[in-house]
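Coordinates in review
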Amino acid sequence: MQFNNDFLWGGATAANQYEGGVNELGKGLTTIDCMGAGNFNKRRQISCMTSNGIEWFDRNESLPQDAVGCIVEGAYYPSHKATDFFHNYKEDIKLMAEMRSEEHTSELQSLRRIS
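Note that the coordinates shown come from a computational prediction; the quantities given were computed from them, not determined experimentally.

Now for the pairing of strand E2 (residues 45-50). Bridge analysis of E2 against strand E3 (residues 53-58) gives 6 bridges, and the strand direction is antiparallel. Its bridge partner lying in E3, Thr50 is registered against Gly53. The turn joining E2 and E3, which pair antiparallel and follow one another in sequence, is formed by 2 residues. As paired strands, E2 and strand E4 (residues 68-69) are joined by 2 bridges and run antiparallel to one another. Following the sheet pairing, Cys48 is matched in E4 by Gly69.

Here it is, written out as structure tokens:
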């Protein structure tokens, strides 16, 4: 297979896949921040505070009206660390350059306050 001379190699990421820094720079909680880990035998669930206390809900389940996302101490939330681009962006961009990535599309969490 041949590519045109103007073809650019690159990549793309979503904030929850790589960002990290969940409690930094004024970022508020998002649904993905409250979504715990899962595996082949257990679906990922969302931790919420309700009138009944802390409850875990299947991510496809309708949440009660009084449910507010929360973080449960000691629970594992994969997006909190992710690949931690928030703290390692200089090294990550250098790696992209070493791989000769010519384009990269990414997103920041919209709840992060940027001054």
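Having put the structure on the table, let's press on.
This next bit is on helix H3 (residues 85-98). When the terminal C-alpha atoms of H3 are compared, their 17 Å separation across 14 residues is substantially less than the 20 Å that a helix rising 1.5 Å per residue should span. At Glu91, H3 is deflected by roughly 45 degrees, the largest bend along its length.

Basis of the calculations
- Residues numbered from 1 in each chain as written.
- Predicted model: local features only at pLDDT ≥ 70, side-chain atom pairs only at ≥ 80, totals over all residues.
- Heavy atoms only, no water.
- Pairing = 2+ DSSP bridges.
- Helix = DSSP H or I, 4+ residues; strand = E, 2+ residues; numbered from the N terminus.
- Expected span 1.5 Å × (residues − 1).
- Bend = angle between axes of the 7 residues up to and from the residue.

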